[in-house]
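# Examining the three-dimensional arrangement
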Amino acid sequence: MNTINGQIISLAVPVLGDDVKKALCDVIQSGWLTMGDRVKEFESRFAELHGVENAVAVNSCTAGLHLCLAALGIGPGDKVLVPSLTFVATVNAVLYVGATPVFVDIEDIVSPHISIEDAERKYSSAVKAVFVMHYGGYVVDLQAWRAFADAHKIFLIEDAAHAPAVGEVGRCSDAAAFSFFTNKNMTTSEGGMVMARDPSVLSSIRYQRSHGMTSGTLDRQKGHAYSYDVTTLGYNYRMDELRAAMGLIQLERLSKWNKRRRELSGYYRQIIESKITKVNIPFEHVHETSAHLMPVLIPEEANRISVMKKLRENGIQTSIHYPPIHQFSYYKKRFPGVELPKTEAFCARELTLPLHPLLSEDDIKYVCKSLQEAILF
Ligand SMILES: *Cc1c(COP(=O)(O)O)cnc(C)c1O
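Keep in mind that this is a model prediction, so the values were computed, not measured.

### A look at the pairing of strand S7 (residues 155-159)
- The buried fraction of S7 amounts to four of the five residues, a majority that puts the element mostly inside the structure.
- Pairing analysis gives five bridges linking strand S6 (residues 127-133) to S7, with the strands arranged parallel. Among the inter-strand pairings, Val-132 is bridged to a residue of S7, identified as Glu-158.
- Handedness of the β-α-β unit built from S6, helix H6 (residues 142-152) and S7 comes out right-handed.
- Of the pairings in the sheet, the one linking S7 to strand S8 (residues 175-179) comprises three bridges and is parallel in character. Bridge pairing in S8 links Ile-157 to Ala-175.

### Some thoughts on the side chain of Thr-352
- One can find Thr-352 in strand S11 (residues 350-353).
- Classification of Thr-352 as buried rests on a relative accessible area of 1%.
- A polar contact of 2.8 Å, which involves the side chain of Thr-352, links it to the side chain of His-321.
- Side chain to side chain, Thr-352 and Glu-350 meet in a polar contact 2.7 Å long.
- Discounting chain neighbours no more than four positions away, the residues touching Thr-352 are Leu-11, Leu-293, Met-294, Pro-295, Thr-318, Ser-319, Ile-320 and His-321.

### Section: the domain arrangement of the protein chain
- Considered domain by domain, the protein chain is made up of domain 1 (18-249) and domain 2 (254-376).
- Placing the centre of domain 1 and that of domain 2 at their C-alpha centroids yields a distance of 26 Å.
- Taken together, the 40 residues of domain 1 in the interface contact 37 residues of domain 2.
- For the pair domain 1 and domain 2, the summed buried area comes to about 3,400 Å², and 65% of that belongs to carbon and sulfur atoms.
- Broken down residue by residue, the surface that domain 1 buries against domain 2 is led by Ile-109, Tyr-138 and Asn-185, which jointly contribute 23%.
- Linking domain 1 with domain 2 are zero salt bridges, by the criterion used here.
- In this structure, the connection of domain 1 to domain 2 is made through 23 residue pairs in polar contact (both at pLDDT 80 or more).
- Elements supplying a minimum of two residues to the side of domain 1 that touches domain 2: helix H4 (88-96), strand S3 (100-104), strand S4 (106-108), strand S5 (111-114) and helix H5 (116-122).
- Here the side of domain 1 that touches domain 2 is composed, by residue class, of 22 nonpolar, twelve polar and six charged.

### A look at empty space enclosed by the protein
- In this structure the tally under the stated criterion is two cavities of 30 Å³ or more.
- In this structure, the largest cavity spans a volume of roughly 50 Å³.
- As for the largest cavity, its lining consists of Val-13, Pro-14, Val-15, Thr-182, Lys-184, Asn-185, Met-186, Thr-187, Gln-250, Trp-257, Arg-261 and Pro-357.
- Looking at the lining of the largest cavity, its residues break down into six nonpolar, four polar and two charged.
- Two domains share the lining of the largest cavity, each providing at least three of its residues, namely domain 1 (18-249) and domain 2 (254-376).
- Put simply, the second largest cavity is a space of about 40 Å³.
- As for the second largest cavity, its lining consists of Pro-83, Leu-85, Ile-106, Pro-112, His-113, Ile-114, Met-133 and Tyr-135.
- The biggest single contributor to the lining of the second largest cavity is S5, with three residues.
- Broken down by class, the residue content of the lining of the second largest cavity amounts to seven nonpolar, one polar and no charged.

### Notes on the packing of helix H2 (residues 37-49) against helix H9 (residues 241-275)
- Closest axis-to-axis distance for the H2/H9 pair is 8 Å, and the angle between their directions is 25 degrees. The angle between the axes of H2 and H9 places the two elements in the roughly parallel class. Both H2 and H9 take part in a crossing whose hand is left-handed. In this structure, H2 uses Asp-37, Arg-38, Val-39, Glu-41, Phe-42, Arg-45, Phe-46 and Leu-49 to contact H9, whose residues at the interface are Glu-241, Ala-244, Ala-245, Gly-247, Leu-248, Leu-251, Glu-252, Leu-254 and Ser-255.

### Side note on the site of the ligand
- Of all residues adjacent to the ligand, which total 15 residues, the nearest are Thr-62, Asp-159, His-162, Ser-179 and Lys-184.
- Asp-159 has a polar side-chain atom sitting 2.7 Å from a nitrogen atom of the ligand.
- In this structure, an oxygen atom belonging to the ligand sits 2.7 Å away from a side-chain N or O atom of Ser-179.
- Starting from 380 Å² of accessible surface for the ligand in isolation, the protein chains cover 93%.
- A per-class count over the shell around the ligand returns seven nonpolar, six polar and two charged.

Conventions and cut-offs
- Counting of residues starts from 1 at the beginning of each chain's written sequence and follows it residue by residue.
- Only residues with pLDDT of 70 or above have their local features reported here, since the model is predicted, and side-chain atom pairs are shown and tallied only from 80 upward, although totals for entire chains, interfaces and linings are computed over all residues.
- The side-chain numbers reported here are obtained from all heavy atoms of the structure, hydrogens and water having been left aside.
- Relative accessibility decides the category of a residue: with a 1.4 Å probe and only protein chains considered, values under 20% of the type maximum give buried, values over 50% give exposed, and everything between is partly exposed.
- Helix and strand labels come from DSSP, where a helix needs a run of H or I of at least four residues and a strand needs a run of E of at least two; each type is numbered from the N terminus.
- Think of it this way: DSSP has to see at least two bridges between two strands before they count as a pair.
- The crossover handedness rule: strands pointing away from the viewer, path from first strand over the helix to second strand clockwise, crossover right-handed.
- Polar contacts, as counted here, are pairs of nitrogen or oxygen atoms within 3.5 Å of one another; within protein the pair requires one atom able to donate a hydrogen and one able to accept it, and residues that are adjacent in sequence qualify only if both atoms are side-chain atoms.
- Only heavy atoms matter for contacts: two residues are in contact if any of them lie within 4.5 Å across the pair.
- Domain extents, as shown, originate in an automatic or database domain assignment.
- Once two parts are brought into contact, the accessible area they lose, counted with a 1.4 Å probe and summed over both, makes up the buried area.
- A pair is scored as a salt bridge if a Lys or Arg side-chain nitrogen falls within 4 Å of a carboxyl oxygen belonging to Asp or Glu.
- Ten residue types, Ala, Val, Leu, Ile, Met, Phe, Trp, Tyr, Cys and Pro, are classed as nonpolar, four, Asp, Glu, Lys and Arg, as charged, and the remainder, Gly among them, as polar.
- In this analysis, the protein atoms alone were mapped onto a 1 Å grid. Cavities are point sets where a 1.4 Å probe fits without being able to get out; pockets are open sets with protein on both sides within 12 Å along at least five of seven lines; lining residues have an atom within 4 Å of a point.
- Grid points are joined across faces, edges and corners, and a volume is the space filled by probe spheres set on the points.
- A fitted line through C-alpha atoms serves as each axis, taken over the contacting stretch for helices, and the angle formed by two N-to-C directions is quoted from 0 to 180°.
- Angle categories are assigned with fixed cut-offs, so that under 35 degrees is roughly parallel, over 145 is roughly antiparallel, 65 to 115 is roughly perpendicular, and the rest are oblique.
- Each crossing gets its hand from how the near helix is turned against the far one by less than a right angle, where anticlockwise is left-handed and clockwise is right-handed.
- What makes a residue near a molecule or strand is one non-hydrogen atom of that residue sitting within 4 Å of it.
- Accessibility throughout is a Shrake-Rupley quantity obtained with a 1.4 Å probe, and a residue counts as covered only by protein chains that appear here.

Written out as structure tokens, the structure reads:
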């Protein structure tokens, strides 16, 4: 294999160190593993970084998306406007609560966010919410979506899996869910966080995270409570102390990592725009972003699988974000006949290049050189 110093250039890697190891050992030493004071602290620090009052930690973003819909009272008979260009979890969550997704196209291939124009066309009185997703970390126009949601008196929900600690993410929607899965901008290995601007919705999310119970195990252990009631249908979507301890450390680095990601994606952009003009890059360089992904559009005539294979031979891992949800066999069967021409055009050409804070400028030069050769091949 042809690589720089025999190292594989991964799409994403978690940045871990001795401080994470120590934090995990401290939790084990403490003898308390399940949701406790560290989770509480992680919630308030994460909220603080995003300029909101509070947040609820969960065991995945997927669980968080489910809780957002459940706590907002979305259910059978309701419709939810959704992008198809997102991870399948966004739309699965709509099905969990028994609501119906209505797929909305993207603006265009250089601005692959869910389109307000198409959302207007697909709006009906059964629509109770709209999901936006900050593709690749590029923040959607939240003010415009807030106005859209207010005009129709529906909820605005953010799938913020790609966009922690950037712009107004988490601040002006009705609810937002973040992911700490291993390949995201910060990680707890598995995990997530939920925000909601109405404190009573956030409080429902908190109860529903833990079986709908009115007191937690730690409260009872500390003698703050002796029994509990169940006031709503809940789930077990709790985060644990090990993950929270890891999250607290990752959180301190997040803004620095996001900045490094932006620098590296700027470097990619510079090389690609000057040397590989057949390849397009979605969004403007100045667009507000956490730079979660480095998506590019390869020429229509290029064979994506062979480009990916060629890069793999050079030790470079690439991926596709995403195969559109409406074309998955499960969704095609349940929701036949959906056509989203712009989403389909984007997804057919999209290729995601490696991007994470441990990459060097030399790695990026090497990836670009390999990409150029793979496309000409
Ligand atoms: C990763 C991701 C999710 C799911 O996150 P988990 O924490 O793994 O459940 C949801 N939506 C998007 C856009 C994602 O990228």
